[in-house]
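# Chain and residue survey
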Amino acid sequence: MNAAPKDGDVVLDVRDLVTHFATRTGVVKAVDGVSFKVSRGKTLCVVGESGSGKSVTARSILQIVDAPGRIVSGSMVLHRPDGSSVDLATLHPRSREIRSVRGAEIAMIFQEPMSSLSPVHTVGDQIMEVLRLHLGMDKVAARARTVELLKQVEIPNPDRAVDRYTFEFSGGMRQRVMIAMALACNPSMLIADEPTTALDVTTQAEILDLIKRLQTKFGMAVLFITHDMGVVAEIADEVLVMYHGKVMESGPVEQIFHAPKDEYTRMLIGSVLRLEQKAEIRLKRDPIKQEAKPVIEVRGLRMHFGEGTNVTKAVDDVSLTVRPGETLGIVGESGSGKTTMGRCLLRVYEPNGGAIDYRRADGSVVDLVSADKETLKQMRREIRMIFQDPVGSLNPRMTVAQIIGEPLFVNGIAKGAELDDRVAALMKQVGLEPAWRERYPHAFSGGQRQRIGIARAIALKPRVIVADEATSALDVSIRSQMLDLMMNLQDELGLSYVFISHDIGVIRYMCDRVAVMYRGRVVETGTTDQVCDAPTHDYTKALLSAIPRPDPRNRRIHARFRYAG
Amino acid sequence: MLRFIVLRLIWMVPSLVAVSFLAFVLIQLPPGDYVTTYIATLAASNEVVDQNTAADLRARFGLDQPMAVQYFKWITGILLEGNFGLSFEWQQPVSELIWERMALTLVLTVSTLIVTWGIAMPIGVFSAVKKYSFGDYVATFFSFLGLAIPSFLLALVLMYIAAVQLGQEVGGLFSERFVNAPWSFAKVVDLIAHLWVPVIILAVSGTASLIRVMRANMLDELNKPYVTTARAKGLSEFALLVKYPLRVALNPFISTIAWLLPNLVSGSIIVAIVLSLPTAGPMLLQSLMSQDMYLAGAFVLLICALTLIGSLVSDILLALVDPRIRLE
Amino acid sequence: MSEIQSAAATVDNKRLAVASQWQLVWWAFKRHQLAMIGLVIVVVFYVIAAVPGFFAVNDPAMQNARAAYHPPQALHFVETDADGSWRIKPYIHPYQLRRDPQTLAAVYVEDPNRKVYVSLFGRGYKYSVLGLFETDIHMFASGEARQPLFLLGADRLGRCVYSRIMQGAQISLSVGLVGVFLSLTIGVVLGGISGYYGGKSDFVIQRAIEFILSLPTIPIWLALAAALPQDWPATTQYFMITLILSLTGWAQLARVVRGRFLSLRTEEFVVAARLDGASEGRIIFRHMLPSFMSHIIASITLAIPAMILAETSLSFLGLGLQPPTISWGVLLREAQNIRSIATAPWLFAPGAAVVIAVMALNFLGDGMRDAADPYNK
């Protein structure tokens, strides 16, 4: 019976899994009859948008669903290398049996590498604990093995790293620590719950590489939860598409991407693929006049935080131009200074130096960096902002009508019945029902809230809008709708956009020109086609090649360009 | 770490100066001074003190000098010679009167602190882990009750029960034969035998609020992702509870010393008055009533210094247990 | 599960969509049963504090040498006749004062054969309603003018403890309100400056708050209160005592306000309001203030009981309010020595009033704090 395990052997067989959350409002069927198999050496990706139940599915396997979640029915049979098997669904969540599976046979890594590790215990302490618990190692042996594990996940100076605390590591390094901890007992299966979502693309690529390498080396089965179709295409063998707790479609990755049967899957793939090319609206447009004088010209802008020896140069000598009717994309990873840069354009922060020349409709030029209070107030009517967080940027204590009407009211443009009419018109313009005017933001979905934010931005008939990660918080299926809306408004109102994003897909869809930011500096500027297809700067090359593409036939991030700047 | 402690110690200096000044101002506030009171007392027994005698008295006690000079003399005396001045009422140096009482106050508050922690921590953890259970509701109810009972009332009720129901006198910290006896092992044992009554009375309200604090801390931590991580490792519920959320929740708990100690000291003063304990409370009240300024000033100064040192200790302890502060 | 979703359990979605902050807070608060009980009790107590005369039976200041340490009389609600018929008609049995033949100590003996009826909305002593007008109608009064009712007994001077508790509610409960109002004014101004402007002023105010919070309050209050001349008029004394309590009470509130301001200042919707062109005043009052009003109200509710306890303690020690002013703390001074409470344990009754009031306020404040932010969690 004890044949050596080989790739393709089923490790976990889940059938008709049902997990419910009993709440005050009634029962939420988070997982509703889900079946799948995970095999040795293979990667199963569970993909879905927020609220699809993918994460609860993963947690159900180890019976670590947060209260009040409860596994109602179904079976989850774990096949062991020695030929025996056990149905995890029948085990009590606190039983010794399930505890001996957790961390030893099935290990798990999580999304938030910061909060998923204890802040007051050393890295070594947290890894050694698993070794001592499951393998009964003594302190010395556990420590030696921990150092070895840290070396395996490529953490520099593992001898010293073992005694350090998690807050002394960067996000990517923390996720490596998590992986080392998961691998400690050579599990037969690894569950990864959105392990790269909180990371930048280049770090994501490294972590995906690492998981792949370790999987090949140890022959683990991997269950990978993600919302990113690019990641799926890059790493999956099999795919499970979930929506509202149900499986919409499952099959080999090739089939899901190139011959999807289910409508939801097709919609999902479709909206991802749309973001792989230029928007149709843009294709129909006349080319932007190159000779027109720029509406915004940023010269040598500097914005430093902190003082003395502890200065962060968030924006470091940045120069840009925005032409009338143009969309300028600013792309970069976290810490590149792109958001600070955007906020400086409206003087949310006071820049330390440089100039932002804004050309008004009558041809006069105002430097926003040195503008006085009155001028600035006037300019802020012409340059507006759309925020990233559709929850945080709307005051929860004001009605939609009050939020959209606020700029009109405080600038003395409209009040009373006229204000009501203007608000109704604006709501219609961004695709919201004017009858919803008395509702509060909590009554709206993420996409609708972002429309409210757009209505507020266009209320003053601005000439330039700075959009800061305007679609990042939205599910992929509504992302392109939002971008289309913004482009339609651009045509109607003759707007220029400064579009800040970390997502190159969104940039390619939306922008005419792109500036790539890295550590506070612009490393490359050019037309979107030029930057995306023939980047010149090494950082841009590295960034672009690290982005997973939604095409399983064209897996490239393992062979990506690496930038050591 | 050493840098942190040194910095924190330096920070103590302005606080202590402020406290000493505050103590001195408080004592100077009442209209008139000790001599006025003294004359009034004599007048009540039909003795008349003429202006010259009053002026002589004032000059002897230095009361005729400007306030800044008086303060300076007072504070340098304390710092250089440990001389807190003279108690007008007792006609004795203040330093002879206060130290034993301050020491007993310290013993009382520190034992109360330990008892408070000892009771509050397990109940708070239990309350959080078994949230909304019967036990949680009972603990919650009693902590609200404990918060609502003023400590002097509790002392009175205990005294009433002891006197009427049990026919015993509660009060004091020593049996009669030890009150004036020199310190000995037997006296310490006797102290411990008496100490528990005021300790329990004082611990009630502190325990009540600490249970709330511990419960809230634990509830915050129990939902953190690192708890799920620990669970996914295969740790038993009890082991992971003790090692992770409890450990992290302890940090804000340690910082409770900073506000618990002032509260305990405040409470101990009132309770000591009701139970007539030989601690700082009754003598402070008495000295304030008779405007015995140097005595009252010494008490206010030392009591405030005690709580300031308490918050210093809590900060250092916190830095010791929390690597995030220690390694900053 | 977010608070909003669970609030939806009690209302349909149409109403939820247009529910303002205060409606959401109220829905969340209503689910908190203990807090609701607390609310009812607090309302009753403050009604009593507003018109204590109406709820009192005897003039709280009236001394009665023949009723020293008169024990509480049991109130009977149902009168039964010999034939078994019954009606609801409250009455008491009067007590008679006898002397113990040996010790000559006063002994009160209940006379079960006599009944004194209690009339609802009957007439008694004259009192003033909020200083507006005078009346002599009481919630209930003794049917016989010569037979005073002692529902909670009498004190050393034969004064009615029950009526004195009613009267004491006025001072004790209003000290909480007035004191918190003063603390709040200082706290909001300093905390607001500290949180909104930041920088040096923040640093200084922060240190001051930390310093005050690390001091024990009682010795300082005692020293300050001891400095007040004993012969000041009652109202001056009252305001000075509340002022003294607020001098240290503001620090806690200032910390809350500062924290809120700090976290709100960087909130995106506040940045959005600034970019909309709203003035500083409008940003603070229209956009920021509503976000922490509910938190402030909850903090206030939790600060009132501390004030009440502080006043009670000070008055009990004899350094707070002075007789003839009546507050719960002043009343508890009667219970100060063991001999009087051994003879008259009902002198503890004002203590019970303190405990109930403080508990109710704490429950109320706790519930409000939980409900204060219906948008997060």
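Residues numbered from 1 in each chain as written. Chains lettered and ligands numbered in written order. Predicted model: local features only at pLDDT ≥ 70, side-chain atom pairs only at ≥ 80, totals over all residues. Heavy atoms only, no water.

### Regarding the nonpolar core
Of all hydrophobic cores here, the largest spans 169 residues; its most connected members are Trp74, Leu284 and Phe299 of chain B together with Leu222 and Trp328 of chain C. A total of 16 residues in this core trace back to one element, the largest contributor, which is helix α11 (residues 280–317) of chain C. Sequence-distant contacts of Leu222 of chain C, defined by excluding residues within four places in its chain, comprise Ile269, Leu284, Leu285 and Leu288 of chain B together with Leu314, Leu317 and Leu319 of chain C. Grouped together as the second largest cluster of nonpolar side chains are 152 residues, Ile109, Met220, Ala236 and Ala546 of chain A included. (Core = buried A, V, L, I, M, F, W, Y, C linked by side-chain atoms within 4.5 Å. Buried < 20%, exposed > 50% of the residue type's maximum accessible area, 1.4 Å probe, protein only. Helix = DSSP H or I, 4+ residues; strand = E, 2+ residues; numbered from the N terminus. Contact = heavy atoms within 4.5 Å.)

### Here's the deal with the domain arrangement of chain B
Residues and elements named next belong to chain B. Considered domain by domain, chain B is made up of domain 1 (2–81) and domain 2 (101–327). Distance between the C-alpha centres of domain 1 and domain 2: 32 Å. The interface of domain 1 with domain 2 comprises 24 residues on the first partner and 19 residues on the second. Where domain 1 packs against domain 2, one counts one salt bridge. Here Arg8 makes a salt bridge to Asp315, at a shortest N to O gap of 2.5 Å. Taken together, the links from domain 1 to domain 2 amount to one residue pair in polar contact (both at pLDDT 80 or more). Mapped by element, the contributors of at least two residues to the side of domain 1 that touches domain 2 are α1 (2–28), α2 (34–44) and α4 (67–81). With 13 residues, α1 is the single largest residue contributor to the side of domain 1 that touches domain 2. Partitioned by chemical class, the residues of the side of domain 1 that touches domain 2 number 16 nonpolar, six polar and two charged. (Domains from an automatic or database assignment. Salt bridge = Lys/Arg side-chain N within 4 Å of Asp/Glu carboxyl O. Polar contact = N/O pair within 3.5 Å; in protein donor to acceptor, adjacent residues only side chain to side chain. Nonpolar A, V, L, I, M, F, W, Y, C, P; charged D, E, K, R; others polar.)

### With respect to the side chain of Asp468 of chain A
Residue and element names in this part refer to chain A. Examined against the element boundaries, Asp468 turns out to sit in strand β17 (residues 464–468). Here Asp468 is buried and forms no salt bridge, its nearest opposite-charge partner Arg343 lying at an N-O distance of 4.5 Å. Separated by 3.4 Å, the side chains of Asp468 and Thr339 make a polar contact. In this structure Asp468 touches Thr339, Met385, Ile386, Phe387, Gln388 and Ile500, once residues within four positions along its chain are discounted. (Lys, Arg positive; Asp, Glu negative; His and termini not counted.)

### Here's the deal with the packing of aromatic side chains
Summed over all chains, the structure comprises 25 aromatic pairs over all chains. Relative to Phe203 of chain C, the ring of Trp11 of chain B lies with its centre 5.9 Å away and its plane at 50 degrees, an arrangement referred to as tilted. Of this pair, Trp11 of chain B sits in helix α1 while Phe203 of chain C is found in helix α7 (residues 199–213), placing the two residues in two different chains. By relative accessible area, Phe203 of chain C is classed as partly exposed at 41%. With 5.5 Å between their ring centres and 65 degrees between their planes, Phe24 of chain B and Tyr71 of chain B make a pair best called edge-to-face. (Phe/Tyr/Trp six-rings, centres within 6.5 Å; stacked < 30°, edge-to-face > 60°.)

### Details of helix α4 (residues 33–50) of chain C
All names here are of chain C. The terminal C-alpha atoms of α4, which comprises 18 residues, lie 26 Å apart, in line with the 26 Å expected from a rise of 1.5 Å per residue. Residues Ala35, Gly38, Val42, Phe45, Ile48 and Ala49 constitute the buried set of α4. Within α4, the buried residues cover an arc of 140 degrees as seen down the axis, which keeps them to one side. Facing away from the buried side of α4, by more than 90 degrees, are the exposed residues Gln33 and Val40. (Expected span 1.5 Å × (residues − 1). Arc of directions from axis to C-beta.)

### With respect to the domain arrangement of chain C
All names here are of chain C. Here the domain parsing of chain C yields domain 1 (66–154) and domain 2 (164–372). When each unit is reduced to the centre of its C-alpha atoms, the spacing between domain 1 and domain 2 is 38 Å. Listed per partner, the contact involves seven residues of domain 1 and six residues of domain 2. Across the contact surface, domain 1 and domain 2 share zero salt bridges. Along the contact surface separating domain 1 from domain 2 lie one residue pair in polar contact (both at pLDDT 80 or more). For the side of domain 1 that touches domain 2, the class distribution of residues is five nonpolar, two polar and no charged.

### With respect to the interface of chain B and chain C
With 42 residues of chain B in contact, the opposing surface of chain C contributes 38 residues. Counting each side, the surface lost to burial between chain B and chain C is near 3500 Å², with a carbon and sulfur contribution of 84%. Of the charged contacts, one joins Arg212 of chain B and Asp366 of chain C as a salt bridge, the two residues approaching to 3.1 Å between their closest N and O atoms. On the surface where chain B and chain C come into contact, there are four residue pairs in polar contact (both at pLDDT 80 or more). (Buried area = accessible area lost by both parts, 1.4 Å probe.)

### Describing helix α10 (residues 263–274) of chain A
Residues and elements named next belong to chain A. Helix length check: α10, at 12 residues, gives a terminal C-alpha distance of 16 Å against a target of 16 Å (1.5 Å per residue), a fit within 8%. Inspection of α10 places Tyr264, Thr265, Leu268, Ile269, Ser271 and Val272 among the buried residues, and these make up the whole buried set. Here the buried residues of α10 occupy an arc of 160 degrees about the axis, which is enough to place them on one side. In this structure, the buried side of α10 is in contact with α8 (229–235), β9 (238–243), β10 (246–252), α9 (253–258) and α17 (476–493). Its side-chain oxygen placed 2.8 Å from the backbone nitrogen of Tyr264, Asp262 serves as the N-cap of α10.

### Concerning the pairing of strand β6 (residues 123–129) of chain C
All names here are of chain C. In this sheet, strand β7 (residues 133–137) lies alongside β6 in antiparallel orientation, the contact comprising four bridges. Looking at the pairing, Tyr127 lines up with Thr135 of β7. Here β6 folds back onto β7, and the loop between the two strands holds three residues, one of which, Leu130, carries a positive phi near 50 degrees. (Pairing = 2+ DSSP bridges.)

### Here we look at the pattern of salt bridges
Residues and elements named next belong to chain A. Per the stated rule, a full pass over the model turns up 51 salt bridges over all chains. Taking the shortest distance from any N to any O, the salt bridge between Asp193 and Arg59 comes out at 3.5 Å. With Asp193 in strand β7 (residues 189–193) and Arg59 in helix α1 (residues 54–61), this pair connects stretches of sequence that are 134 residues apart. The salt bridge involving Glu350 is made with Arg347; its shortest N-O contact spans 2.8 Å.

### Quick notes on the sheet that holds strand β1 (residues 10–23) of chain A
Residue and element names in this part refer to chain A. Strands sit in the order β2-β1-β4-β5 across an open sheet of four strands; the sheet is antiparallel. A strand with exactly one partner marks an edge of an open sheet, and here the two such strands are β2 (26–39) and β5 (85–87). Taken pair by pair, the neighbouring strands of this sheet meet at an average axis angle of 5 degrees, ignoring direction. Bridge analysis of β1 against strand β4 (residues 69–79) gives eight bridges, and the strand direction is antiparallel. If you follow Val18 over to β4, its bridge partner there is Ser73. (Axes fitted to C-alpha atoms, helices over the stretch in contact; angles between N-to-C directions.)

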